[in-house]
Amino acid sequence: MKYSLQTTNALKKSTDCLVVGVWMKGKLTDQATALDALCSKSLSSVVRAGDIAGKVGDTLFIHALGGIAANRVLLVGCGEEKKFDAKAWRKAVKAAVQALKKSGSKDALVTLPELAVSDRDTAWAVTQTVIEFETAAYQYDHTKSKKAESRTLKSVAFTIPENAVRKVIDEA
């Protein structure tokens, strides 16, 4: 799988799936709020309708949003913003990875590494996200007569704050 880093202004980038977070009680993450402004408040409408509660690990695909280049948006529940720790972050990322794996997307732009996690930095978030994607993609079939189907997800880009780019690259 191919991985890349993008700055936060990448929300307008063309992709099969754009992944953004939603906090509990219908509050959008900063990235989701910026995306919501681009698509005429469509995300806010979906959240207000109760289609996603924001509980950690909840996921919801939204297709054909106007104003953005992404084919679909994956909303991922992140739980309570004040209690967002490494455990909740991993659960949200794992749910996003599993949903993407089933979606048929060829590429994805994931904004979750931008979320502030207590006692963790952006480099940790990017590393853990890559680990989750690689773990989900692994399929042992060496000794099996029927080989596993090839995965459809070929590339994943992560949005990170511009000031974190140099540190993440240095640590990678």
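What you are looking at is a predicted structure, and each value in this text was computed from that prediction instead of being measured.

Each value, and the rule that gives it
Residues numbered from 1 in each chain as written. Predicted model: local features only at pLDDT ≥ 70, side-chain atom pairs only at ≥ 80, totals over all residues. Heavy atoms only, no water. Helix = DSSP H or I, 4+ residues; strand = E, 2+ residues; numbered from the N terminus. Buried < 20%, exposed > 50% of the residue type's maximum accessible area, 1.4 Å probe, protein only. Phe/Tyr/Trp six-rings, centres within 6.5 Å; stacked < 30°, edge-to-face > 60°. Expected span 1.5 Å × (residues − 1). Core = buried A, V, L, I, M, F, W, Y, C linked by side-chain atoms within 4.5 Å. Contact = heavy atoms within 4.5 Å. Salt bridge = Lys/Arg side-chain N within 4 Å of Asp/Glu carboxyl O. Pairing = 2+ DSSP bridges. Axes fitted to C-alpha atoms, helices over the stretch in contact; angles between N-to-C directions.

Peer 1: So what about unusual backbone geometry? Which residues, and what values?
Peer 2: Of note in this structure, Ser40 is not a glycine but carries a positive phi near 55°. With respect to the helices and strands, Ser40 occurs in the loop between α1 (30-38) and α2 (42-48). Residue classification places Ser40 among the exposed positions, given a relative accessible area of 66%. Despite not being glycine, Ala64 shows a phi value in the positive range, around 55°. Turning to its location among the elements, Ala64 is positioned in the loop between β3 (59-63) and β4 (72-79). What makes Ala64 exposed here is its relative accessible area of 70%.

Peer 1: How would you sum up the packing of aromatic side chains? Please name residues and give values.
Peer 2: In total, this model carries five aromatic pairs according to the counting rule given. Aromatic side chains Tyr3 and Phe133 sit 6.5 Å apart centroid to centroid with 65° between the ring planes, which places their arrangement in the edge-to-face category. Of this pair, Tyr3 sits in strand β1 (residues 2-7) while Phe133 sits in helix α4 (residues 122-137), placing them 130 residues apart in sequence. The partly exposed category is assigned to Tyr3, whose relative accessible area is 24%. Through pairs of rings, three or more aromatic residues link up here, namely Tyr3, Phe133 and Phe158.

Peer 1: I'd love a proper account of helix α3 (residues 86-103), names of residues and values included.
Peer 2: Taking 1.5 Å as the rise per residue, α3 with 18 residues should run 26 Å; its terminal C-alpha atoms sit 26 Å apart, in good agreement. Restricting attention to buried positions, one finds in α3 the residues Ala86, Ala88, Trp89, Ala92, Val93, Ala95, Ala96, Val97, Ala99 and Leu100. Backbone geometry just downstream of α3 places Gly104 in the positive-phi region, at approximately 85°.

Peer 1: Could you give me a rundown of the nonpolar core, with the residues and numbers involved?
Peer 2: Within the largest apolar cluster, 30 residues are counted, with the highest numbers of intra-cluster contacts made by Val19 and Leu112. Contributions of two or more residues to this core are made by β2 (17-23), β4, α3, β5 (107-110), α4 and β6 (155-160). Among the elements that line this core, the one with the most residues is α3, at nine residues. Setting aside chain neighbours within four positions, we find Leu112 in contact with Val19, Val20, Gly21, Val76, Cys78, Trp89, Ala92, Val93 and Ala96.

Peer 1: So what's going on with the pattern of salt bridges? Residues and values would help.
Peer 2: Taken as a whole and judged by the stated rule, the model has one salt bridge. Ionic pairing is found between Glu81 and Lys27, a salt bridge with its closest N-O pair at 2.6 Å. In this pair, Glu81 sits in the loop between β4 and α3 while Lys27 sits in the loop between β2 and α1, placing the two residues 54 residues apart along the sequence. Take Glu81: its relative accessible area is 40%, and that puts it in the partly exposed class. Here Lys27 falls in the partly exposed class, since its relative accessible area comes to 43%.

Peer 1: A description of the environment of Pro161 should follow, citing residues and the corresponding values.
Peer 2: Tracing the backbone through its elements, the reader meets Pro161 in the loop between β6 and α5 (165-171). Judged by its relative accessible area of 23%, Pro161 falls in the partly exposed class. In the structure, Pro161 is positioned 47 residues away from Glu114 in sequence and 6.6 Å away in space, judged by C-alpha atoms.

Peer 1: Let's hear about the sheet that holds β6: which residues, and what values?
Peer 2: Reading across the sheet, the six strands line up as β1-β6-β5-β2-β4-β3 and stay open at both edges, with mixed pairing between neighbours. Two strands close off the open sheet at either side, each with one partner strand: β1 and β3. Taking each pair of neighbouring strands and ignoring which way they run, the sheet shows an average axis angle of 25°. Note: β2 against β4, seven bridges, orientation parallel. From the neighbouring strand, Leu18 faces β4, where its bridge partner is Val73. Across the sheet, α3 touches β2, β3, β4 and β5, and the angle it forms with β4 is around 155°. α4 contacts β1, β5 and β6 of the sheet and is inclined by roughly 160° relative to β6.

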